[in-house]
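Residue-level structural notes
Spelled out from the first residue to the last, the chains are:
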Amino acid sequence: MQLTLEFGGGLELLCDSEKIHKVNVDLPNGVEELTMKDLLSWVRTNVIKERPEMFIKGDTVRPGVLVLVNDCDWELSGQLETTIEDKDVIVFISTLHGG
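Quantities reported herein were computed from a predicted structural model and do not represent experimental measurements.

Take the sheet that holds strand E7 (residues 72-73) next. Taken together, the five strands give an open sheet; going across it, the order is E2-E1-E9-E6-E7, and neighbouring strands pair in mixed fashion. Either end of the sheet is taken by a strand with one partner, and the two such strands are strand E2 (20-24) and E7. Both strand E6 (residues 65-69) and strand E9 (residues 89-94) contribute to a ladder of five bridges, which runs antiparallel. Along E9, the bridge assignment pairs valine 67 with phenylalanine 92. Seen against the sheet, helix H1 (residues 36-46) touches strand E1 (2-8), E2, E6 and E9 and runs at an angle of roughly 70 degrees to E1.

Shown next as structure tokens:
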């Protein structure tokens, strides 16, 4: 499954300073559809290069991380249960900034 992952608001620093990642994600064995919960686990293992605790807390994103799936807030589509489809664009933006 081909996906575009975008990181902003400082989260790109956890991914070797790359904001946009074009990735191929294989479905886990026995799974027919990919959910955000599955994708977050994959991202933590395959995309995040340092300090994953700044992105993930438990099995979800940390508070203060806005998640958009095809420009729609994931809170409107089921959060961890949101189904991801081929060619989807998932954006992660940190809303927490120093000052």
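After that view of the structure, there is still more to cover.
This brings us to the pattern of salt bridges. What the rule picks out here adds up to two salt bridges. In this structure, aspartate 59 engages lysine 37 in a salt bridge whose closest nitrogen and oxygen atoms are separated by 3.4 Å. Of this pair, aspartate 59 sits in the loop between strand E4 (56-57) and strand E5 (60-61) while lysine 37 is found in helix H1, placing the two residues 22 residues apart along the sequence. On the basis of relative accessible area, aspartate 59 is assigned to the partly exposed category, the value being 39%.

Definitions and limits used
Throughout, residues of each chain are indexed from 1 in the direction in which the sequence is written. The predicted origin of the model limits local features to residues at a pLDDT of at least 70 and limits the giving and counting of side-chain atom pairs to 80 or more, whereas totals for whole chains, interfaces and linings rest on all residues. Hydrogens are left out, water is left out, and the side-chain values use all remaining heavy atoms of the structure. Here a strand pair is declared whenever DSSP counts at least two bridges between the two strands. Only runs of H or I of at least four residues qualify as helices and only runs of E of at least two qualify as strands under DSSP, and these elements are numbered from the N terminus. Contacts between residues were defined by any pair of non-hydrogen atoms, one from each residue, lying within 4.5 Å. Note on method: axes are straight lines fitted to C-alpha atoms, helices fitted across the in-contact stretch only, with angles between N-to-C directions ranging 0 to 180 degrees. The term salt bridge refers to a pairing of a side-chain nitrogen on Lys or Arg with a carboxyl oxygen on Asp or Glu at a separation within 4 Å. Throughout, exposure labels follow a simple rule: accessible area from a 1.4 Å probe, protein chains only, divided by the maximum for the residue type, with under 20% read as buried, over 50% as exposed, and the rest as partly exposed.

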